[in-house]
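Topology and contacts: notes
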Amino acid sequence: LRTSFAWQYPRGDLLAVPAKVSVSALVRQEKGEEETPLRRPSFMYNFGLSAAERGTALHAVLQYADFAAAKKDVGAELERLQQQGFITPQTAQAADLAALRTFFASPLMQRMLAADRLLREYAFFTRVPAGSIAPLEGPNAQEPVLVQGVADCVIEKDGELFLVDYKTDHGKSRDELRKAYAPQLALYRTALEKRLGLPVARCSLYSFAYGEELVL
């Protein structure tokens, strides 16, 4: 009985490693941040939207907008998205109209409109070694962990891929943004090249705070 009760799972260090994890969770882990709730009680909206909620609103607009139409008239496109049920009035109100106008007038938008193929909110799965997300050693460090992510925008042009991730962070320098999100985009690059069978020629962030594309 003592022997039986003293038995320990030989791969116990893997018990603390999830079989599946999201890229965003890995980024929060890298930055030492805790996960924030997706929704707040309705009474708390009297105090205004959080930065994360405003960022979510921008992402929602960029997921569904007709880019060519928005380039001509952002306000009219937001109205269309509301009328057709793609976004709520609250989302439209929360979206930063000035930041969106800058984005739709940017050189990046020109490249998006000229793409051979444009993938938005492209969901994917990839496998990474467990040792890359947890302090493991030996054979257990090579056990596969499934990683789920969503690429904001993938531009395909002339047989190459250009990965763009939208960021709404404020209070960080350009170099701090690049450093913070480089591991995330490295995972995206690996996954997209496997999934789409084309090389990723460039990874970049579009910073809505700076109104410009930051190449990694």
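Below: a short report on this structure. Because the structure is predicted, anything quoted here is derived from the model rather than measured.

1. Side note on the packing of helix 5 (residues 74–83) against helix 7 (residues 97–104)
Contact geometry for helix 5 and helix 7: axes closest at 10 Å, N-to-C directions at 110 degrees. Classified by the interaxial angle, the pair formed by helix 5 and helix 7 is roughly perpendicular. Read as a crossing pair, helix 5 and helix 7 show a hand that is right-handed. Touching Val 74, Gly 75 and Leu 78 of helix 5 are Leu 97, Leu 100, Arg 101 and Phe 104, all from helix 7. Counted by class, the contact of helix 5 with helix 7 contains 5 nonpolar, 1 polar and 1 charged residues.

2. Considering the pairing of strand 4 (residues 160–167)
Burial runs high along strand 4: 7 of the 8 residues are buried. The turn joining strand 3 (residues 144–157) and strand 4, which pair antiparallel and follow one another in sequence, is formed by 2 residues; a positive phi near 55 degrees is taken by Asp 158. Here 7 bridges tie strand 4 to strand 5 (residues 200–207), and the two strands are oriented parallel to one another. Across the sheet, the residue bridging to Asp 165 is Leu 205, located in strand 5. For the handedness criterion, the β-α-β arrangement of strand 4, helix 9 (residues 174–196) and strand 5 is classed as right-handed.

3. With respect to helix 5
Taken together, the buried positions of helix 5 are occupied by Val 74, Glu 77, Leu 78 and Leu 81. The arc that holds every buried residue of helix 5, seen down its axis, measures 100 degrees, which confines them to one face. Where helix 5 begins, the side chain of Asp 73 points an oxygen toward the backbone nitrogen of Gly 75, at a separation of 3.2 Å. At the exit of helix 5 stands Gly 85, carrying a positive phi of roughly 80 degrees.

4. A word on the pairing of strand 5
Of all 8 residues in strand 5, 6 are buried, a share of seventy percent or more. Taken together, the 4 bridges between strand 5 and strand 6 (residues 212–215) define a ladder with antiparallel strand orientation. Along strand 6, the bridge assignment pairs Ser 207 with Glu 212. Two successive antiparallel strands, strand 5 and strand 6, enclose a turn made up of 4 residues, where Gly 211 displays a positive phi of approximately 70 degrees.

5. Looking at the pattern of salt bridges
Inspection of every chain in the model, using the stated rule, returns 9 salt bridges. Two residues, Asp 116 and Lys 157, come together in a salt bridge whose shortest N-O distance is 3.8 Å. Of this pair, Asp 116 sits in the loop between helix 8 (107–113) and strand 2 (117–129) while Lys 157 is found in strand 3, placing the two residues 41 residues apart along the sequence. Between Lys 167 and Asp 165 there is a salt bridge, and its shortest N-O distance comes to 2.7 Å. Assessed through its relative accessible area of 10%, Lys 167 is described here as buried. Judged by relative accessible area, Asp 165 falls into the buried class, the value being 2%. A single salt-bridge network, built from bridges that share partners, covers Arg 111, Arg 202 and Glu 213.

What counts and what doesn't
- Residues numbered from 1 in each chain as written.
- Predicted model: local features only at pLDDT ≥ 70, side-chain atom pairs only at ≥ 80, totals over all residues.
- Heavy atoms only, no water.
- Axes fitted to C-alpha atoms, helices over the stretch in contact; angles between N-to-C directions.
- Helix = DSSP H or I, 4+ residues; strand = E, 2+ residues; numbered from the N terminus.
- Parallel < 35°, antiparallel > 145°, perpendicular 65-115°, else oblique.
- Left-handed = near helix turned anticlockwise from the far one by under 90°.
- Contact = heavy atoms within 4.5 Å.
- Nonpolar A, V, L, I, M, F, W, Y, C, P; charged D, E, K, R; others polar.
- Buried < 20%, exposed > 50% of the residue type's maximum accessible area, 1.4 Å probe, protein only.
- Pairing = 2+ DSSP bridges.
- Right-handed = clockwise from strand over helix to strand, strands pointing away.
- Arc of directions from axis to C-beta.
- Polar contact = N/O pair within 3.5 Å; in protein donor to acceptor, adjacent residues only side chain to side chain.
- Salt bridge = Lys/Arg side-chain N within 4 Å of Asp/Glu carboxyl O.

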